Amino acid sequence: DIPKATGTMKNVFSPDNIIIKAGDTVRWVNHDNVTHVIGSFDFISDGHFFAPSIGPYATYQYTFALPGEYYYICFIHNSMIGKITVLK
C-alpha cells in the first residue's frame, strides 16, 4: 500500500517489509495523489522488477518466481524503501 499523504506521514510503503512464497504475486496500490516509480536493482537484490509509473489510485503487481531478498525504492521519492523476502 502507498497510503495517502497526511501531515505526519507521506511517501511511505505500508507495510514496508513483507515475507511471501515463491510464485506469490504482490500488488502495490497507490492511495496517494502523486505518481510513484518503483523498482529494485540486481546489485542489492536477488533479482529486479520495475514499475515505470503508478499514478494516483492505480495499481501495479509483480509475481516473484525466485526465492531471495528484493529491496526496492521509489525513484521519485528516494526515502520510500521496502523489502520483500521470497521463501521457497
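These notes cover the structure that comes with them. Because the structure is a prediction, the values reported are computed rather than measured. (Residues numbered from 1 in each chain as written. Predicted model: local features only at pLDDT ≥ 70, side-chain atom pairs only at ≥ 80, totals over all residues. Heavy atoms only, no water.)

This next bit is on the sheet that holds strand β4 (residues 50-54). If you trace the 5 strands from one edge of the open sheet to the other, you get β1-β7-β6-β3-β4, paired in mixed fashion. For this open sheet the edge positions go to β1 (17-21) and β4, each flanked by a neighbour on one side alone. Averaged over neighbouring strand pairs, the angle between their axes works out to 20° when direction is ignored. (Pairing = 2+ DSSP bridges. Helix = DSSP H or I, 4+ residues; strand = E, 2+ residues; numbered from the N terminus. Axes fitted to C-alpha atoms, helices over the stretch in contact; angles between N-to-C directions.)

Moving on to a nonpolar patch on the surface. On the surface, F43, I44 and Y71 cluster together to form a nonpolar patch covering roughly 330 Å² of accessible area. Considering the arrangement of structural elements, one finds I44 in the loop between β3 (36-40) and β4. Judged by relative accessible area, I44 falls into the partly exposed class, the value being 42%. (Patch = residues over 30% accessible without salt bridge, like charges linked within 9 Å, V, L, I, M, F, W, Y side chains within 5 Å. Areas by Shrake-Rupley, 256 points an atom, 1.4 Å probe, with all protein chains shown as cover. Salt bridge = Lys/Arg side-chain N within 4 Å of Asp/Glu carboxyl O. Buried < 20%, exposed > 50% of the residue type's maximum accessible area, 1.4 Å probe, protein only.)

Attention shifts here to the nonpolar core. Judged by nonpolar contacts, the single largest core of 17 residues is most densely connected at F13, W28, I38, F49, Y60, F64 and I84. Elements represented by at least two residues in this core include exactly β2 (25-29), β4, β6 (68-74) and β7 (81-87). It is β6 that provides the largest number of residues to this core, a total of 3 residues. Ignoring anything within four residues of it in the chain, the contact list for W28 reads F13, I38, F49, I54, A58, T59, Y60, Y62, F64, Y72 and I84. (Core = buried A, V, L, I, M, F, W, Y, C linked by side-chain atoms within 4.5 Å. Contact = heavy atoms within 4.5 Å.)

Let's shift gears to the packing of aromatic side chains. What the rule picks out here adds up to 12 aromatic pairs. Arranged with centres 5.8 Å apart and planes meeting at 55°, the rings of F49 and Y72 form a pair that is tilted. With a gap of 23 residues between them, F49 in the loop between β3 and β4 and Y72 in strand β6 connect regions that are remote in the sequence. No difference in accessibility class separates F49 from Y72, as the two residues are buried. (Phe/Tyr/Trp six-rings, centres within 6.5 Å; stacked < 30°, edge-to-face > 60°.)

Note the cis peptide between S14 and P15, where omega equals 0°. Its identity is not glycine, yet Y57 carries a phi of approximately 65°, on the positive side. Among the structural elements, Y57 can be located in the loop between β4 and β5 (59-63). Here Y57 falls in the exposed class, since its relative accessible area comes to 51%.

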